[in-house]
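# Results of the structural survey
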Amino acid sequence: MNNTSLWNKNFMFLLTGHAFAQFGHYLLMFALPLYVLYATGSPAIFGSIVAVAYLPLLFISPIGGVFADRISKKRIIVAMQFSTSVLIFLFIWASGFMSAIPIIVILLVGLYSISGLGSSAIDAGVPQIVPESQIVRATGMVGFMGQVPEFVAPLVAGLLFVRVGLTPIIVISGICYMLAAVAAAFLKIPHVQQAVTESIPAMIKDDIKTIAKYLSKENPQMVKVVMPLALLMVVLLPMIPIGLPILVIEHLEMSSSMLGIASGIVMFGGVISSVIASVAGDKLKISDCPKLLMVATLAMIPIGIIFVLELSAIIMFIVIIVCATVIMITATLYLLRIWGYIQVETPEEILGKVLSAVGALVGCVTPLGFFLYGVVFERFENVPWVVIFFAAVVSFGITFYSAWQFRKVKR
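This is a predicted model, so every value here is computed, not measured.

### Looking at unusual backbone geometry
Glycine aside, residues mostly have negative phi, and peptide bonds are mostly found in the trans state. Here E253, not a glycine, exhibits a phi torsion of approximately 55 degrees, which is positive. By secondary structure assignment, the location of E253 is in the loop between helix 10 (243-251) and helix 11 (256-280). The phi angle at E310 is positive, at roughly 55 degrees, despite the residue not being glycine. Counting through the fold element by element, E310 comes out in the loop between helix 12 (289-309) and helix 13 (313-345). Note on E310: relative accessible area 65%, which makes it exposed.

### What about the side chain of T325?
Inspection of the secondary structure assignment puts T325 in helix 13. If sequence neighbours within four positions are ignored, T325 has contacts with I265, V266 and G269.

### Regarding the nonpolar core
A general trend in soluble globular proteins is that nonpolar side chains are found buried together. Membership of the largest hydrophobic core comes to 105 residues, with the highest contact counts inside it found for M300, F307, Y334, I338 and I342. Per-element tally for this core: the top contributor is helix 13, with 17 residues. Ignoring any residue separated from it by four or fewer positions in sequence, one finds M300 in contact with L236, M239, I327, Y373, I388, A391 and A392. Core analysis: the second largest hydrophobic core is formed by 9 residues, L15, I77, A138 and V142 among them.

### So, the side chain of T84
For T84, the location among the structural elements is in helix 4 (residues 73-94). The buried category is assigned to T84, whose relative accessible area is 3%. Here T84 is in contact with L111, I114 and Y177, once residues within four sequence places are set aside.

Here is what the cut-offs are and how they apply
- In this convention, every chain numbers its residues from 1, walking through the sequence in written order.
- Where totals are concerned, whole chains, interfaces and linings use all residues; where local detail is concerned, this predicted model gives features only for residues with pLDDT of at least 70, and gives and counts side-chain atom pairs only at 80 or more.
- Side-chain metrics in this entry use all non-hydrogen atoms of the structure; hydrogen atoms and water are not considered.
- Under the DSSP-based scheme used, a helix requires at least four consecutive residues in state H or I and a strand at least two consecutive residues in state E, with every element numbered from the N terminus.
- Each residue's exposure class comes from its accessible area (1.4 Å probe, protein chains only) as a fraction of the maximum for that residue type: buried when under 20%, exposed when over 50%, partly exposed otherwise.
- By the convention used here, residues are in contact when the closest approach between their heavy atoms is within 4.5 Å.
- We call a set of buried residues a nonpolar core when its members are Ala, Val, Leu, Ile, Met, Phe, Trp, Tyr or Cys and they connect through side-chain atoms within 4.5 Å of each other.

If you want it as structure tokens, here you go:
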């Protein structure tokens, strides 16, 4: 690899494995919660189960950071993909004699737990296999290869769910994770061996001290960048995974195929944003992030208006898709830029720790957003526009807060 080239064999293996894993992941993330929503008919239960499944990230992510900085990233990635495939096939076996809802919860918890352990290794591995000048573009490409499955998988899962049910979707997902493990086995990621002389709890404690020192003394402006992100994960982003199924299935009374179409189109917005990030690179500044949030917030308002006016289902469906896609594009651009900032600004020897700390923060607040959206959509079942307008007002507040926080942040 030369000093400026983005494309190399290692990066290609990373992208290929990531694409397979993400396709399997999003098949499950569409089909399993959808099954819960159909089986229970309760937005509150739907949101609560997704929230409970996400909670392990709060506890697992710090351990993932310990592993990412001390253990071969290749081994972590291979183990993550292979163990996920094993978990999926165990789910299929258990479904023969256990009730569906409890084992769906177990599977979701397992998926998020394994992801929390290994995701830091992928993120921390990118700067080690591409030049520093290409890190933002590489992050965009990783996002792109992860988000192509994000819009294709719901289309496939929505169609399969109607025609053949849940089990074939799960089988395909398990095969995808196995292929991802094979691709990861060919990776060569440089590993700087760090001494492991303490127990995991002691290492986590030391890492927390290291992160606290870094964020409070060496780079305090990173906290200003991360805090609005945490608020975003509570208020704005849950509108897609929780709000979209509830609005399409419960309020518009449409099929899972239509939800698959809606989800696929909306997730394609994530692909668009990744392409923009890959092409724009460092031209996308931190100072642009509040503007992105403002656009995403404004896009929520038409969704509330159509439920006030009670228009025809197809018109409401189109408006929801268009607005949710705008939210996805702008919010993903925001996330990619923040993630790229962290990767560039953080020293390599503690990058895994910092990424896992951010992941833990996100893992803490995101379930709260899932839970709240599910509960309030059920509480205001007959007036969903109340939920949407309130979320928009809070999101406006986050936008102005982020603009205030970012005013002195460089890059």
